[in-house]
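# Observations on the three-dimensional arrangement
Residue-level listing of the chains:
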Amino acid sequence: MDTDVLPGVELDLPGSTQDLRQVLRQGLAFHQRGELSRALACYQAVLSLDPRQPDALHLSGVLAHQAGKHAVAVSLLEQAVALDPKAPDFVINLGLALQATGQVDRARAAFERAVVLRPASPHAHLHLGTVRRLLGDPRGAVRGYDRALALDPGFAEAHATRGAALHALGRMSDAERALRTSLELKPDFAEAHSDLGSLLQATDRLDEAVASYRRAIELKPTLVEAYSNLGTALSAAGDLAGAVEVYRQGLVLEPAHYEAVINLGIALQALGRLDEAREAFETACVARPAAAQAYLHLGVICQAQGALDQALAALTEGLRQAPDHADLLSTRGGVYRHLGQFDAAVVDLRRAVQLAPESVRIATNLGNVLLAAGEVDAAVVTLEGAVALDPGQADARLGLGNALKARGDTARAVVSYHEALQLRHDYAEAAYNIGNAWREVGRYDEAITGYYQALRIRPQYGEANWNLALAQLGKGELARGWDGYEWRWRNGDTPQVPELPKVPVWQGGAEVAGRRLLVWREQGLGDELLFLTCVPDLITAGATVTLVVSPRLVSLVGRAFPEAEVLADGPGVLGELEHFDGQLPMGSLPRWWRRSRETFRSSGVFLAPTASEAARWRARLDTLGDDRKVGICWRSGLVTPERRRYYAPADEWGALWRVPGVTWVNLQYDDCEAELSAIEAATGVRVHRWDGEDLKNDLESVVGLMSQLDAVVSAPTAVSSLAGATGIPTWQLDSGSDWTVFGADRSPWWPSIRLERKRPGETTWESAVQRLAGRLGEWISMGRENGR
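Anyway, here's the lowdown on the structure attached to this text.

What counts and what doesn't
Residues numbered from 1 in each chain as written. Predicted model: local features only at pLDDT ≥ 70, side-chain atom pairs only at ≥ 80, totals over all residues. Heavy atoms only, no water. Helix = DSSP H or I, 4+ residues; strand = E, 2+ residues; numbered from the N terminus. Buried < 20%, exposed > 50% of the residue type's maximum accessible area, 1.4 Å probe, protein only. Contact = heavy atoms within 4.5 Å. Lys, Arg positive; Asp, Glu negative; His and termini not counted. Salt bridge = Lys/Arg side-chain N within 4 Å of Asp/Glu carboxyl O. Polar contact = N/O pair within 3.5 Å; in protein donor to acceptor, adjacent residues only side chain to side chain. Phe/Tyr/Trp six-rings, centres within 6.5 Å; stacked < 30°, edge-to-face > 60°. Pairing = 2+ DSSP bridges. 1 Å grid on protein atoms, 1.4 Å probe; cavity = no way out; pocket = protein on both sides within 12 Å on 5 of 7 lines; lining within 4 Å. Points joined across faces, edges and corners; volume = space filled by probe spheres on them. Nonpolar A, V, L, I, M, F, W, Y, C, P; charged D, E, K, R; others polar. Axes fitted to C-alpha atoms, helices over the stretch in contact; angles between N-to-C directions. Parallel < 35°, antiparallel > 145°, perpendicular 65-115°, else oblique. Left-handed = near helix turned anticlockwise from the far one by under 90°.

This next bit is on the side chain of His-127. With respect to the helices and strands, His-127 occurs in helix 7 (residues 122-134). For His-127, a relative accessible area of 16% gives the class buried. If near-sequence neighbours (up to four positions away) are discounted, His-127 is found in contact with Ile-92, Leu-96 and Phe-111.

Our focus in this paragraph is the side chain of Asp-738. Position of Asp-738 relative to the elements: it lies in the loop between strand 11 (730-734) and strand 12 (753-757). Of the side chains with opposite charge, Arg-757 comes closest to the buried, unpaired Asp-738, at an N-O distance of 7.0 Å. A distance of 2.8 Å separates polar atoms of two side chains, one belonging to Asp-738 and the other to Gln-732. The contact partners of Asp-738, leaving out residues within four places of it in the chain, are Tyr-444, Pro-716, Gln-732 and Leu-755.

One pair of aromatic rings is described through two measures. These are the centre distance and the angle between the planes. As enumerated under the stated definition, the model contains 19 aromatic pairs in all. For the pair Trp-482 and Trp-739, a centre-to-centre distance of 6.0 Å together with 80° between the ring planes defines the contact as edge-to-face. With Trp-482 in helix 28 (residues 478-484) and Trp-739 in the loop between strand 11 and strand 12, the pair connects residues that are 257 residues apart, well separated along the chain. Here Trp-739 falls in the buried class, since its relative accessible area comes to 10%. Note on Phe-561 and Phe-606: the rings are 5.5 Å apart at their centroids and 25° apart in plane angle, and the pair reads as stacked.

Once that is clear, we can look at the sheet that holds strand 10 (residues 711-714). Pairing is parallel in the open sheet, where 6 strands are placed in the order 9-8-7-10-11-12. Looking along the sheet, the strands with just one partner apiece sit at the ends: strand 9 (687-688) and strand 12.

This structure, assessed with the given rule, holds 1 cavity of 30 Å³ or more. A volume near 30 Å³ is recorded for the largest cavity. Taken together, Thr-533, Arg-594, Phe-600, Arg-601, Gly-604, Pro-748 and Trp-749 make up the full set of residues lining the largest cavity.

Moving on, we get to the layout of surface pockets. Of the volumes computed, that of the largest pocket is approximately 1700 Å³. Taken together, 35 residues line the largest pocket, and the ones lying closest to its centre are Gln-99, Arg-133, Leu-134, Glu-225 and His-257. Of all the elements in the fold, those that place two or more residues in the lining of the largest pocket are helix 5 (88-100), helix 7, helix 9 (156-168), helix 11 (190-202), helix 13 (224-236) and helix 15 (258-270). When the residues that make up the lining of the largest pocket are grouped by side-chain class, the tally is 13 nonpolar, 13 polar and 9 charged.

To continue, consider the packing of helix 11 against helix 13. Between helix 11 and helix 13, the least distance of the axes is 10 Å, while the angle of their chain directions is 20°. One finds that helix 11 runs roughly parallel with respect to helix 13. The handedness of the crossing between helix 11 and helix 13 comes out as left-handed. From helix 11, Ser-194, Ser-198 and Gln-201 reach across to helix 13, where they touch Glu-225, Ala-226, Asn-229, Thr-232, Ala-233 and Ala-236. The residue makeup of the contact of helix 11 with helix 13, split by class, is 3 nonpolar, 5 polar and 1 charged.

On to the packing of helix 5 against helix 7, then. The axes of two packed helices give the description: the angle between them and the distance between them. Direction vectors running N to C along helix 5 and helix 7 enclose 25°, while the axes themselves pass 11 Å from each other. Accordingly, the angle class assigned to the pair helix 5 and helix 7 is roughly parallel. Of the two possible hands of crossing, helix 5 and helix 7 adopt the one that is left-handed. On the side of helix 5, the interface is formed by Ile-92, Leu-96 and Gln-99, while helix 7 contributes Ala-124, His-127, Thr-130, Val-131 and Leu-134. Its residues placed into classes, the contact of helix 5 with helix 7 shows 5 nonpolar, 3 polar and no charged.

What follows is about the sheet that holds strand 5 (residues 565-568). The parallel open sheet is built from 4 strands, whose spatial order is 5-4-3-6. Each edge of the open sheet carries a strand with a single partner, namely strand 5 and strand 6 (582-585). For this sheet the average axis-to-axis angle between neighbouring strands, irrespective of direction, equals 20°. Two elements, strand 4 (residues 544-549) and strand 5, share 4 bridges in a ladder whose sense is parallel. Residue pairing across strands places Leu-547 opposite Val-566, the latter belonging to strand 5.

Below you can see the structure in the form of C-alpha cells.
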C-alpha cells in the first residue's frame, strides 16, 4: 500500500498499545489545523497496526488528494469504500479523486451513489452537477445544482457552479444573477469572481471582466484559471503583451495548465513570436496528449515556420487522437499541398468537407487544393459551392476567381475578384489578382489599374509591385518597368538589395569606363541569355567585366565575350570574389542599358557553335532529306498545375504537325519520350532525336544543332532564347503573358523571334496553333533561306 503522500516526513509513531480511535482523532485534529505531516503520521500509525482500518484509509486518501497525489488517493479511497460501501463521505471523496485523475464517468457513478446514500447532502448534489457539466450535460448539471440549493439556499458554491452551467446554456441573465448571488453570500469566493469574469467577457464587458479576474487573483493568488481567463480578456482588449505576462504568472504556479499554455501560445503567435509560441504548444501537447486542439495549433505554427515535416507529424498525431477532426484534416491537407503531395491533400480535404459540410473555409481550402493539383473544373465547382454556402465570404470568391482564371475564363474571374473587393474593401489580394488576370492575357492597361488599386490598399505589397513592373514592361513602359523590376529582390513586402561581401552594388549613373564590375547570373537560363545581350554595352563603355554564368554556358559565353572574364557559378563562388568597384545581378543591367526601345542592339545574336559541333550536326541533318529542318519545343521543363495554362500540350499542336515540307527535330530538353511516341502514333509524323544527346546541359551541342536548323518553333522557354541568341528564325507560341517582348510581335532582344499569341477570348490553343501553322507554311512555300 503506497501512503507516501508527503515525502520527507519523519514519523513519530505512537506505541502499538495506544487506542487507535484516539490516534485517529488526534490525526484528524492535526489535519483540520493544516498540520498535514503530523496528521499523516497518525494515520500511518493506525494503518501499521490495522491496514484495513477504513477511517484511516479514508483520511489518508483525503490527505493524498489535498497533496495532489490523486492516483494514490484513488487507491486508498477505493479500499475504504470496499470496507464500508455505505459511508457517503467515503464515496464523495472517491468521486472527487476520480474526477481529479480525469476518470469523469467513474466519478459520476460515485456521486450518483452518494446521492442515494445521502439524499439530503447538498454537497453530493453539487458534485454530481459539476461532473455532469464536465461530461457536456449542462442541463443535467443545473438539475443537480437546483437540488443542492433546495436543500441549502445559502450554499454559495452551488449558486456559483449553477451560474457557470447557465452560462454554458447561453442563459446569460440567469447566469449572472446566480453568480452575483454567490458573491453576496460569499464575497471572498475567488472562483465565483473568475466565473463572473468569464460571463462579463462573453457579453463584451471587457473592463468589468478584467476587474473580476483581478479580484479573483487578489483573493486567491494560486487560482491558475483566473490568470488564464484574465489573459484571454487582455488579448481581446488588444493587450497581447499584458496577456503573455499574465499567462506566464499562472504557469509559474502550474506549468502544465492546459488552457493557460494554449492561450499563451495563441498570444505569442499573434505577436509574431513563433519560436516561443511553438514551445508553448509543444508543452500543451505534453500536458494533455489526447487534446487534438493542441496538435492543431502546433501544426499551424510549424507550417508558418516552414517546418512542414514537423507540421505534418503534429497534425497526424492529432488525427490519431481525433480521426474525425475536420480542422486537423483541413490543415493537414494544406501542409500536403505545400509539400506538393496533392493527392493526399485532396483526400484530407474531401474528408474534412464531409465532416463539416457547412464550413465555407474548408470548402474553399478544398477548391484551392484542387486548383493547385490541376483539377481546374473540379476546383470551379467546389468554389462555386463555397460561394453558395455563404455569398458574403470574400475568400471563397477570391478562390473562385483564381479557378476561373486558370480555366481561361478571364472575364468571369475578374467579376469574382471585384465581388471579393466589394465584400472586403481592404482586400489587397483581390485587386492584385485582377491585375494578374488581365496581365496574363496581355491587357496591360487593365492590369496596371488593378495593381495600383492593390498598392493603394497596401503600398509595400511586394508581389503587386513586382507584377506591376512586369505589366509596365509588357506595355512598353521600359523606364518605369525596369525601375520596378528591382522588386524581384524582396523579403515579403520589404525590398532588398542583393549585396555580396566587400562588393558594393553598382547603382548606375556613374561612368563605368575603367571600373571593374562583377555581373552575376540570376533566375533561369532564358532570363540569363536575355540579360547577357546587355554585356556588350558595358564592354563598349570601357568597363572591365567579370561574368559569373551557369556552368553550362561558360564556354559559349567565353567565346562570345573574349574581353570579359567568365566564371562558372556554384556554391560559394560569389562569396569568394572581391576587389571590384561594383557588382550587380544580371537582371539589373537593362535598368541602365535598355530604358527605351532604341537602346536595343540590332540582332542580339552572340552565341556561335564550334566548327566541329556545326559539322557534326550538319552531317546528321543531311541524312533526313531535303525538307526544312525545324526544331520543336512545346513546354517548359517545369510545368506545375499553376504554370500549365501557359503551354499548349503537345497533342494540341496538331495543325503544326500537318504542315507540309517540314522535318521535325526534337528540342524538348527533358524526359519527353512518352509524349513523342504519342505524337508519332497519332499523326504518323516522325520527330527526330538521337540517343545520348543531353539537350538540357550540353549547350555546346544544342547551339551546334540549332545553327544547322532552318527554323525553330517553341513555347516561351530557354529554347526560344537559345534560338534567338543563335540567330535562327523562330516562332514562339505564347499565351499572351510574355512581357519580354513589350507588347510587340517580334522580340526586341532577338528580332529573329516572332510571336503568335492567343487572342482575347480564346480559351483553347486551337486557333493560335492554326495561325502559327499557316505562317510556318507560308514561310516554307516562299522558299526562304534559313535566315543566315
